[in-house]
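So the chains spell out like this:
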Amino acid sequence: MSVRVRFAPSPTGALHIGGVRTAIFNWLFARHHSGKFILRIEDTDRTRSTEESIAEILDAMKWLGLDWDEGPFRQSDRLSIYQSYSQKLIQVGKAYRCYCTQEELEARRKGAEKLGKVYRYEGTCRNLKSPTTDKPYAIRLTTPEVGSIEVQDLIRGTITFDAKEIDDFIIQKTDGFPTYNFAVVIDDATMDITHVIRGDDHIANTPKQILIYEALSQEIPKFAHVSTILGSDKAKLSKRHGATSVVAYREMGYLPEALVNFLARLGWSYGDQEIFTKQELIEKFTLENVGKSPAVFNPEKLLWLNGWYIRNKPAEEIAELIIPFLKKKGIQVILDERLIKIVNILRERAKTLVELANSSDYFLVDEVKYEEAARKKFLTNEALPIFEALIERLSSLDKFTVPELQKIFGEITEKRGLKLVQIAQPVRVALTGGTVSPGIFEVMEILGKEKVIERLERAIREIS
RNA sequence: GGCCCCUUCGUCUAGAGGUCAGGACGUUGCCCUCUCAAGGCAGAAACACGGGUUCGAGUCCCGUAGGGGCCGCCA
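Numbers given for residues are sequential positions, taken from 1 along each chain in its written order. Chains carry letters from A onward and ligands carry numbers from 1 onward, assigned in written order. The predicted nature of this model means local features are confined to residues of pLDDT at least 70 and side-chain atom pairs, given and counted, to a pLDDT of 80 or more, with totals for whole chains, interfaces and linings taken over all residues. Each side-chain value is worked out from all heavy atoms of the structure, with water and hydrogens disregarded.

Caption draft 1: Summary view of the overall build of chain A. Tallying secondary structure elements over chain A gives 20 helices and 12 strands in all. C-alpha atoms define the radius of gyration in this analysis, and the globule rule sets the expected value at 2.2 Å times the number of residues to the power 0.38. For a compact globule of 464 residues, the expected C-alpha radius of gyration is about 23 Å, and chain A comes in at 32 Å, more than 25% above that figure. Expressed along its principal axes, the backbone C-alpha trace of chain A runs to roughly 110 × 45 × 40 Å. Taken over 464 residues, chain A has a buried fraction of 50%. Relative to all contacts within chain A whose residues are 6 or more apart in sequence, the contacts with residues 24 or more apart total 74%. Per the convention used, a helix needs a DSSP run of H or I reaching at least four residues, while a strand needs a run of E reaching at least two, with both numbered from the N terminus. Partly exposed residues are those whose accessible area sits between 20% and 50% of the maximum for their type, while under 20% is buried and over 50% is exposed, using a 1.4 Å probe and protein chains only. For this analysis, residues touch if any pair of their heavy atoms sits within 4.5 Å.

Below you can see the structure in the form of structure tokens.
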């Protein structure tokens, strides 16, 4: 049978980075085996699930390029399916109605706790002869009292649980809704899921789920439990460690390639390789190379990777991507040769699209804003004659190109006995407003003769 | 507390009994250089601890410690 995997987020908030890594592993596994990747929305929590959250999840998945073959299915559409299966289990004697009230159960649990024991349902309703049909009831699975349940985990090997640890747990609530474990199993079974790849916080649920599969006489899928992503303090990654939602990273100027590459490498590896195209990830991804230990989220490495992709993607694509970021700053531009040139000289010093957009503004606005410290240090009386000489020489220059400009600067430094840095820095401040920029000749070439002279003249007025 | 999972540089990891324990991010120094980057070179930096098994253990076994997860009519 061909591989069928699923990603099943619950739409109770933003799509979390940890969840996305699980999605990536599932997606890669499906693509690697030419199988199917199924998207399922676990929205049975009616109070916390929102439509906005569903829309955001779908949006983020598309942005990351994690396309799905089936779905999105919603559990809320499938209630009758769960109920028909729970009824079937009652009929064949694998499940039973339980009339114990929540209050009663709560009291018994507290009693057990007082004795320092873990409460397990004692099977009060298990052998009820004639059920009182008018009282509300939950449905419990009849579970074995002895023996053990083995989970064959593709990442961790065999995990054994004692049957005594598992009581007759509820599969359908009094309100007719399935419990999580039951819904998951029915969904995975009816969707013919072959491999369940999910977070290791589900390990303890797995024996219960296996018991449901067995009661249903359904084939048990293969399980693979991936370790959690931790924050820098080794606690589970959460909002207090910084941004955790995919959308937040998009807004901070991260590229989807970088995020996918980074997340894929968190807990998975392929020798010493760090950079992977999506194609390579698909070819090389296997569960055997997924590690067992939890991984700490390392924002610096993500940033480095993002910078790598900014430097190495085609400049035209990067140029197109920064347009919305420029727009947010109130700068309207179109994708043209000039913008591509700007991106080309700026991108090796930017780690995010936001940085790139910020560093390009002096090319795109009419008037530069001087940084105060830079102005004070470099727009001085010593700079005046240099600016004046430059204006004179540049005015008569026909070819406003890097080699020509280099020549002119060479002449001026020689004549005045200066080092290049002594004139490059004041000019840089005059042209860009700051002390940091790409090579000054490249900047001048892109700015063009007119703009350069205009800004030098303005700098002279600023000094006087 | 019970059950379960995990443990190689600060971080991500390679390592499937014999390696000077390798790579990457970060970090330090140097080179390049008109600033800042990028790039190049060099360096510091790890097998949690204790017992076994073995000629030999990061690798296998058992403990200990530490971290994490689950113990709901939540998902």
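So that's the structure; there's more coming.
Caption draft 2: Main features of the sheet that holds strand 4 (residues 95–98). Strands are labelled as partners when DSSP assigns at least two bridges between them. Overall, antiparallel pairing links the three strands, which are arranged 4-5-8 in an open sheet. Bordering the open sheet on either side are strand 4 and strand 8 (170–172), each of which pairs with just one other strand. The average undirected angle you get between the axes of adjacent strands in this sheet is 45°. One ladder, built from four bridges, connects strand 4 with strand 5 (residues 138–141); its direction is antiparallel. For helices, the fitted axis covers only the stretch in contact; all axes are lines through C-alpha atoms, and the angles between them, taken along N-to-C directions, range from 0 to 180 degrees.

Caption draft 3: Region of the structure containing the protein's contact with RNA strand B. When at least one non-hydrogen atom of a residue lies within 4 Å of a molecule or strand, that residue is treated as near it. Around RNA strand B sit 57 residues in total, of which Arg-156, Lys-173, Thr-174, Glu-348 and Ser-437 are the nearest. Expressed as a percentage, the sugar and phosphate content of the atoms of RNA strand B within 4 Å of the protein is 68%. Contact between RNA strand B and Cys-100: a base nitrogen at 2.7 Å from a main-chain N or O atom of the residue. Here Thr-435 contributes a backbone N or O atom positioned 3.2 Å from a sugar or linking oxygen of RNA strand B. At the level of secondary structure, the elements contributing two or more residues to the surface near RNA strand B comprise helix 4 (102–114), strand 7 (157–162), strand 12 (295–296), helix 10 (299–312), helix 18 (420–432) and helix 19 (440–447). Considering every element that reaches the surface near RNA strand B, the biggest residue donor is helix 18, with five residues. Each residue is assigned to one of three groups, with Ala, Val, Leu, Ile, Met, Phe, Trp, Tyr, Cys and Pro labelled nonpolar, Asp, Glu, Lys and Arg labelled charged, and all others, Gly among them, labelled polar. Tallied by class, the residues present in the surface near RNA strand B amount to 22 nonpolar, 15 polar and 20 charged. N or O atoms closer than or at 3.5 Å make up a polar contact, with two conditions inside protein: a donor-capable atom paired with an acceptor-capable one, and, for residues adjacent in sequence, both atoms drawn from side chains.

Caption draft 4: View of the environment of Thr-352. Along the chain, Thr-352 turns up in the loop between helix 12 (337–346) and helix 13 (353–359). Residue class for Thr-352 comes out buried when judged on its relative accessible area of 7%. Between the alpha carbons of Thr-352 and Met-252 there is a distance of 7.1 Å; along the sequence they are 100 residues apart. Contacts of Thr-352, omitting those with residues within four sequence positions, involve Met-252, Gly-253, Tyr-254, Leu-303, Asn-306 and Ile-310. One polar contact links the side chain of Thr-352 to the main-chain amide nitrogen of Glu-355, over a distance of 3.0 Å.

Caption draft 5: Geometry of the sheet that holds strand 1 (residues 4–7). Read from one edge to the other, the open sheet built from three strands follows the order 1-2-3, with strand pairing classed as parallel. Each having just a single partner strand, strand 1 and strand 3 (70–74) make up the two edges of the open sheet. When the angles between neighbouring strand axes are averaged without regard to direction, this sheet yields 25°. Bridge count between strand 1 and strand 2 (residues 36–41): four bridges; the pairing is parallel. Pairing of Val-5 across the sheet is with Phe-37, part of strand 2. Each of strand 1, strand 2 and strand 3 is contacted by helix 2 (residues 51–64), which is oriented at about 160° to strand 2, the strand it contacts most.

Caption draft 6: Main features of the nonpolar core. Take the buried Ala, Val, Leu, Ile, Met, Phe, Trp, Tyr and Cys residues and link them wherever side-chain atoms come within 4.5 Å; each set so joined is a nonpolar core. Phe-297, Phe-387 and Leu-394 are the most contacted members of the largest nonpolar core, which totals 112 residues. Ignoring anything within four residues of it in the chain, the contact list for Leu-394 reads Phe-400, Leu-405, Ile-408, Met-444, Lys-449, Val-452, Ile-453 and Leu-456. Counting 32 residues, the second largest nonpolar core, distinct from the first, contains Ala-163, Ile-171, Met-191 and Ala-215.

Caption draft 7: Just the environment of Asp-45, in detail. Counting through the fold element by element, Asp-45 comes out in the loop between strand 2 and helix 2. Each C-alpha atom, one on Asp-45 and one on Glu-104, is 24 Å from the other, the two residues being 59 residues apart in sequence.

Caption draft 8: Structural context of the pairing of strand 9 (residues 195–199). Among the five residues of strand 9, five are classified as buried, and the element is accordingly described as predominantly covered. The pairing of strand 9 with strand 10 (residues 222–226) spans five bridges and is classified as parallel. Bridging across to strand 10, Arg-198 finds its partner in His-225. Handedness of the crossover joining strand 9 and strand 10 through helix 6 (residues 206–216): right-handed. Looking down the strands as they point away from you, a crossover is right-handed if its path from the first strand over the helix to the second goes clockwise.

Caption draft 9: Region of the structure containing the packing of helix 16 (residues 383–395) against helix 18. At a minimum axis distance of 10 Å, the contact between helix 16 and helix 18 shows a crossing angle of 80°. Taken together, the axes of helix 16 and helix 18 lie roughly perpendicular to each other. Residues Ala-383, Ile-386, Phe-387 and Leu-390 of helix 16 form the contact with helix 18, whose own contacting residues are Gln-422, Ile-423, Pro-426, Val-427 and Ala-430. In terms of residue class, the contact of helix 16 with helix 18 is made up of eight nonpolar, one polar and no charged. Here is the rule for angles: anything less than 35 degrees is roughly parallel, anything more than 145 is roughly antiparallel, 65 through 115 is roughly perpendicular, and the remaining ranges are oblique.

The analysis is restricted to geometry; functional conclusions fall outside its scope.
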